[in-house]
Amino acid sequence: MIHALTPLPRRVTALTPVLPVVAVPALLALPRTPDGAGPADVVSGLVVVYCVIRLLRERRRPLSPAAAVVLGLPVVGLALAAMGAFSAQAGLTGLGRYLQTFVLVPAAVLLLLRDRTGFRMVAWSFVGLGLCQGAVGVHQFVTRTGASYQGENIRAVGTFGPHDVMGMATAVSLGLVCGVGIALGRVSVRQRVAAAACALVLLLPLALSFSRGAWIATVLTCTLQLVLAGLRRALLVAAATFAAGVILVGGFGVGSALLQERIDSIAQVTDAPDQSVVDRYTLWASATEIWRQHPLTGVGLKGFPEYRDGHATLALSSGSETDGAGVAYQRQPLLSPHNMYLLVLSEQGLIGLLALAGSWLALLVCGMRRLLRVRGPVLDCGLVACGLLVWLLTDFMYGDIGGPSTVLIAVGMGLVAWWALAGDGDAPAEVPRGGVRRPAEEALAR
């Protein structure tokens, strides 16, 4: 009896380091306050501190040289942009946010994840967060208590509120990507069925978010995941998704007219586009003009709002309108170009963009290379990690960091880093063409 019970404490001990990471998405499900950092932001900082303490106590080797270079590369451009900021406070604030999102939290997640079980715990926490936020969003649509959209309070925003309309869309999309990755993996049938069911359920709140950028990124990412998992599975999942879409939108008529209008507006750029499209392209042009005048180092962190009006045309509106979801009507200033690449280019210049995008590209190359070579029980981890990165890189064409959901991006980047950069002791399993397991796979198979 004693011998049968001994593996349980060891398993619990092995999963202990990942529990603080799981707490970050869990805390994002809580209602938001209008101002200040939420508990998830605070816990993400504590995760970094906790990781440092564990490294000191266990005397573990920190990041491998390759991981240190890839994750530390953005610091070069960030340091230059922080020194060139229009104020010291703006420089420090922007530096802290970028370091949290793309350096410190991803590095901490990479070091705290010990095996694929911990990875799956974090991935399932993404799915759980998406379900919680999605349930709130669907309730908002049904009861007309969401954010204002075309004069009606029907836009699903979850607990993030109308000031962060992309928050729920991000949480639901990343949860859906994780669900699809797990469903296409080599895990137990129970996990695959549960993950597939969750992914199908998340389609509804994603549609009701009316977020065109999230739609495009999710479709592209899930298509890539299906292709990488195999043609047969791709056809089965595509058929199930199509059937769910027909039932939800066609059968029940869930916002079909509004969804069709929103979908049509994606390609409506020159033929009478709506004001949001006009504002977005005007902001993109403004960011490009700012970069042309400051090509190498940009105008400094948090500098885009200060230089925007001097480079924008009269087509730019004074701000976006926010209303509903328990918040009174307000006009929010447009403080970013709603394009991560152009934001970095205008504020950090070519040096900053090459450093940050170079880090992302290295993660993508390493992650995809490992995914294409892997077979067996860690396939789902590769599909989830590469899916998260592809979604983020695609969504960055239509949005940027900011708001409570940014901390979720940071944890997602940590999952990507673990898959792409894990050392020999924690590396995902790879099976060469001969079918012989490597030592790293043996360690994970236990």
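Quantities reported herein were computed from a predicted structural model and do not represent experimental measurements. (Residues numbered from 1 in each chain as written. Predicted model: local features only at pLDDT ≥ 70, side-chain atom pairs only at ≥ 80, totals over all residues. Heavy atoms only, no water.)

Now for the overall build of the protein chain. From N to C terminus, the protein chain includes 19 helices and four strands. Here the protein chain holds 446 residues, and 50% of them are scored as buried. For the protein chain, contacts bridging at least 24 residues in sequence account for 77% of all contacts bridging at least 6. Approximately 20,200 Å² of the protein chain is accessible, and the part contributed by carbon and sulfur atoms is 66%. (Helix = DSSP H or I, 4+ residues; strand = E, 2+ residues; numbered from the N terminus. Buried < 20%, exposed > 50% of the residue type's maximum accessible area, 1.4 Å probe, protein only. Contact = heavy atoms within 4.5 Å. Areas by Shrake-Rupley, 256 points an atom, 1.4 Å probe, with all protein chains shown as cover.)

With that settled, consider the packing of helix α9 (residues 165-183) against helix α17 (residues 379-395). Between α9 and α17, the shortest axis-to-axis distance is 8 Å and the interhelical angle comes to 150°. On the basis of the axis angle, α9 is roughly antiparallel to α17. α9 and α17 meet at a crossing whose hand is right-handed. On α17, the residues that touch Met 166, Thr 170, Ser 173, Leu 174, Val 177, Cys 178, Gly 181 and Ile 182 of α9 are Asp 380, Leu 383, Val 384, Gly 387, Leu 388, Trp 391 and Asp 395. (Axes fitted to C-alpha atoms, helices over the stretch in contact; angles between N-to-C directions. Parallel < 35°, antiparallel > 145°, perpendicular 65-115°, else oblique. Left-handed = near helix turned anticlockwise from the far one by under 90°.)

Between helix α8 (residues 116-143) and helix α18 (residues 406-421), whose axes approach to 11 Å, the crossing angle comes to 150°. In terms of orientation, α8 lies roughly antiparallel with respect to α18. Note on packing geometry: the crossing formed by α8 with α18 is left-handed. When α8 is examined against α18, the residues Arg 116, Phe 119, Val 122, Phe 126 and Leu 129 are found in contact with a partner set consisting of Leu 408, Val 411, Gly 412, Leu 415 and Trp 418. Per-class residue counts for the contact of α8 with α18 are eight nonpolar, one polar and one charged. (Nonpolar A, V, L, I, M, F, W, Y, C, P; charged D, E, K, R; others polar.)

Let us now look at unusual backbone geometry. At Phe 210, a residue that is not glycine, the phi angle is positive and equals roughly 55°. Mapped onto the elements, Phe 210 comes out in the loop between α10 (189-208) and α11 (212-229). Its identity is not glycine, yet His 338 carries a phi of approximately 55°, on the positive side. Mapped onto the fold, His 338 is located in the loop between β4 (327-332) and α16 (340-373).

Counting 116 residues, the largest nonpolar core has Tyr 98, Phe 102, Val 122, Met 340, Leu 363 and Trp 419 as the members making the most contacts within it. Ranked by residue count, the leading element in this core is α18, at 13 residues. (Core = buried A, V, L, I, M, F, W, Y, C linked by side-chain atoms within 4.5 Å.)

As a further point, take the pairing of strand β2 (residues 152-155). Relative to β2, strand β1 (residues 147-149) is paired through three bridges, and the arrangement is antiparallel. Counterpart to Ala 147 in the pairing with β2 is Arg 155. Counted between consecutive antiparallel strands, the loop separating β1 from β2 contains two residues, among which Gln 150 sits at a positive phi close to 55°. (Pairing = 2+ DSSP bridges.)

A separate point is the pattern of salt bridges. Counting across every chain of the model gives six salt bridges. Arg 144 is the partner of Glu 152 in a salt bridge, and the nearest nitrogen-oxygen pair spans 3.7 Å. Note on Arg 144: relative accessible area 43%, which makes it partly exposed. Put simply, Arg 292 and Glu 289 hold a salt bridge, and the shortest N to O gap is 2.9 Å. With Arg 292 and Glu 289 both in helix α14 (residues 275-293) and three residues apart, the pair spans about one turn of that helix. Beyond isolated ion pairs, a larger network of salt bridges with shared partners links Arg 54, Glu 58 and Arg 114. (Salt bridge = Lys/Arg side-chain N within 4 Å of Asp/Glu carboxyl O.)

Within helix α5 (residues 65-72), burial applies to Ala 67, Val 70 and Leu 71. For α5, the arc enclosing every buried residue in end-on projection is 90°, short of the 170-degree limit, so these residues lie on one face. Residues of α5 that are exposed and point more than 90 degrees away from the buried face comprise Pro 65 and Val 69. Buried positions along α5 lie against α6 (74-83), α7 (88-112), α16 and α18. (Arc of directions from axis to C-beta.)

Evaluated as defined, the whole model comprises eight aromatic pairs. Taking 6.4 Å as the distance between ring centres and 80° as the angle between the ring planes, the aromatic pair formed by Tyr 341 and Phe 396 counts as edge-to-face. A residue pair is termed long-range when its members are at least 10 positions apart, and Tyr 341 in helix α16 and Phe 396 in the loop between α17 and α18 qualify at 55 residues. For Tyr 341, a relative accessible area of 23% corresponds to the partly exposed category. Ring pairing ties together the aromatic residues Tyr 98, Phe 102, Tyr 341, Trp 360 and Phe 396, which thus form one cluster. (Phe/Tyr/Trp six-rings, centres within 6.5 Å; stacked < 30°, edge-to-face > 60°.)

Now for the environment of Leu 63. Tracing the backbone through its elements, the reader meets Leu 63 in the loop between α4 (39-58) and α5. Taking the C-alpha atoms as reference points, Leu 63 and Leu 421, separated by 358 residues in sequence, lie 9.0 Å from one another. Non-local contacts of Leu 63, meaning those with residues more than four positions away in its chain, are made with Ala 68, Leu 71, Ala 107, Leu 110 and Leu 111.

Once that is clear, we can look at α16. Here α16 spans only 31 Å end to end across 34 residues, well under the 50 Å set by a 1.5 Å rise per residue. Maximal helix bending in α16 amounts to about 130°, located at Gln 348. Its side-chain oxygen at 3.0 Å from the backbone nitrogen of Tyr 341, Asn 339 defines the N-terminal cap of α16. (Expected span 1.5 Å × (residues − 1). Bend = angle between axes of the 7 residues up to and from the residue. Polar contact = N/O pair within 3.5 Å; in protein donor to acceptor, adjacent residues only side chain to side chain.)

Now for the confidence of the model for the protein chain. Low pLDDT means the predicted coordinates in that region are not meant to be read closely. Per-residue confidence for the protein chain gives a mean pLDDT of 82, with 77% of residues at or over 70. In the predicted structure, residues 1-6 sits below a pLDDT of 50 and forms zero contacts with residues beyond four places in sequence or in another chain. Across residues 423-446 the pLDDT falls below 50, and counting only partners more than four positions away or on other chains, this stretch makes 39 contacts in the model. (pLDDT = per-residue confidence, 0-100.)

A word on the environment of Ala 135. With respect to the secondary-structure elements, Ala 135 resides in helix α8. Sequence separation between Ala 135 and Leu 204 is 69 residues, and the spatial gap between their C-alpha atoms is 9.5 Å.

Our focus in this paragraph is a nonpolar patch on the surface. Taken together, the side chains of Val 76, Leu 80, Met 83, Leu 296, Leu 350, Ile 351 and Leu 354 present a nonpolar region at the surface, about 660 Å² in accessible area. Summarising the element assignment, Leu 296 is placed in the loop between α14 and α15 (304-308). Among the residues examined, Leu 296 registers a relative accessible area of 52% and is labelled exposed. (Patch = residues over 30% accessible without salt bridge, like charges linked within 9 Å, V, L, I, M, F, W, Y side chains within 5 Å.)

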